[in-house]
Amino acid sequence: GHDDAWNRGAYLAQGLAHCGTCHTPRGLFMQETALDQKGEHYLGGGGIIGGWQAFNITSDTNSGIGGWSKDQLTQYLGTGNVPGLAQAAGPMNEAVVHSFSKMTPEDISAIATYVKTVPAVDDGPIRPRSGWGTPATAVDHLRGAVIPAVAKVTDNPIDPERIYLGSCASCHGAAGTGHFGGYYPTLSHNTTVGAANANNLAQVIINGIDRQAKGQTVFMPKFGDVLSNAETAALVNYLTKQFGNPATQVSEADIRAIKAQAQ
């Protein structure tokens, strides 16, 4: 009942590309809870896998990627980057580098055609992950302010705005709006920063990104050895509050646990 492109996409997504391996929930014995495109939870999000959140990629507008165009999804699969929307990291970064970017444009388009028709799974968010955030103004009220002496820094509360301006703003901009046409992505309306679970955001800060796909090189340094667990947690919480879902917060213990998963 579908055209050749849809059937080709279904064959690839359900088989060789095995999208459901990460993005479909699993049961008690690690079985996928829905094995085909008629399943109730198929591609509805696989939870934390290898320390990374595998998101809902069904056609639901708020929970999944229903608000993405087919062209945006095709671009994401082929390059891992859609300026102003999403950037691949972690296991999805590996999938882009080693698999999707090697496919023909026709096959990537077919997968996007199919995935865009997967029945919606609504798991409750009030807006899409890319629907959060406003530009930051920290640089305005911090400019000219007295910086505590180094010897007394430990006596002062962690200031995440200073961490952001010192570690992140040179690439992402003082306002978080990015640079160079999306090479350094905006943090507002960003699917990673706006997620209900900050796991992936923390992972990116800790581990960075290094991707070469379709002739594009994307690099973000890792800060896991530079920032303490407390500083990382404070930065994550500042980013989600300013640029993402303000209800998403992490603790120092959460950061410690995320680092332990990678060891």
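What follows concerns the overall build of the chain. When you go through the chain residue by residue, the secondary structure sums to 11 helices and 6 strands. Along the first, second and third principal axes, the C-alpha atoms of the chain reach 70 × 40 × 35 Å. Per-residue burial over the chain gives 47% buried out of 263 residues. Taking all contacts inside the chain whose residues are at least 6 apart in sequence as the whole, residues at least 24 apart take part in 60%. Entry remark: accessible area of the chain is about 13,200 Å², with carbon and sulfur atoms responsible for 55%. Positive and negative charge centroids in the chain, built from 17 and 21 side chains respectively, lie 4 Å apart.

Attention now moves to helix 3 (residues 70–79). Considered for burial, the residues of helix 3 that qualify are Leu73, Thr74, Tyr76, Leu77, Gly78 and Thr79. For helix 3, the elements touching its buried residues are strand 3 (81–82), strand 4 (86–87), helix 4 (90–98), helix 5 (105–115), strand 5 (209–213) and strand 6 (216–220). Remark: Gly80 follows helix 3 within two positions and exhibits a positive phi of approximately 80 degrees.

The next thing to look at is the confidence of the model for the chain. Mean pLDDT over the chain: 90, with 92% of residues reaching 70 or higher. For the chain, per-element mean pLDDT is lowest for helix 6 (residues 138–142), which scores 74, and highest for helix 5, which scores 98.

Bringing the pairing of strand 5 into the picture now. Side-chain alternation along strand 5 places Ile209, Arg211 and Ala213 on a buried face and Asp210 and Gln212 on a face that remains uncovered. Of the strand pairs in this sheet, strand 5 and strand 6 are connected by 5 bridges, and their pairing is antiparallel. Note on strand 6: the bridge partner recorded for Asp210 is Phe219. Joining the antiparallel neighbours strand 5 and strand 6 is a turn of 2 residues, in which Lys214 adopts a positive phi near 55 degrees.

Bringing the pattern of salt bridges into the picture now. Applying the stated criterion across every chain, the model contains 3 salt bridges. For Asp107, the salt bridge is made with Arg8, and the minimal N-O distance between the two is 2.9 Å. Of the two residues, Asp107 sits in helix 5 while Arg8 sits in helix 1 (residues 4–16), which places them 99 residues apart along the sequence. Here Arg8 falls in the partly exposed class, since its relative accessible area comes to 37%. With its nearest N and O atoms 3.6 Å apart, the salt bridge here joins Arg256 to Glu252. A residue pair is termed a helical-turn pair when its members lie 3 or 4 positions apart in one helix, as Arg256 and Glu252 do in helix 11 (residues 252–261) at 4 residues. What makes Arg256 partly exposed here is its relative accessible area of 44%. Accessibility expressed as a relative area gives 38% for Glu252, which makes it partly exposed.

Thresholds applied
- Residues numbered from 1 in each chain as written.
- Predicted model: local features only at pLDDT ≥ 70, side-chain atom pairs only at ≥ 80, totals over all residues.
- Heavy atoms only, no water.
- Helix = DSSP H or I, 4+ residues; strand = E, 2+ residues; numbered from the N terminus.
- Buried < 20%, exposed > 50% of the residue type's maximum accessible area, 1.4 Å probe, protein only.
- Contact = heavy atoms within 4.5 Å.
- Areas by Shrake-Rupley, 256 points an atom, 1.4 Å probe, with all protein chains shown as cover.
- Lys, Arg positive; Asp, Glu negative; His and termini not counted.
- Charge placed at Lys NZ, Arg CZ, Asp CG, Glu CD.
- pLDDT = per-residue confidence, 0-100.
- Pairing = 2+ DSSP bridges.
- Salt bridge = Lys/Arg side-chain N within 4 Å of Asp/Glu carboxyl O.

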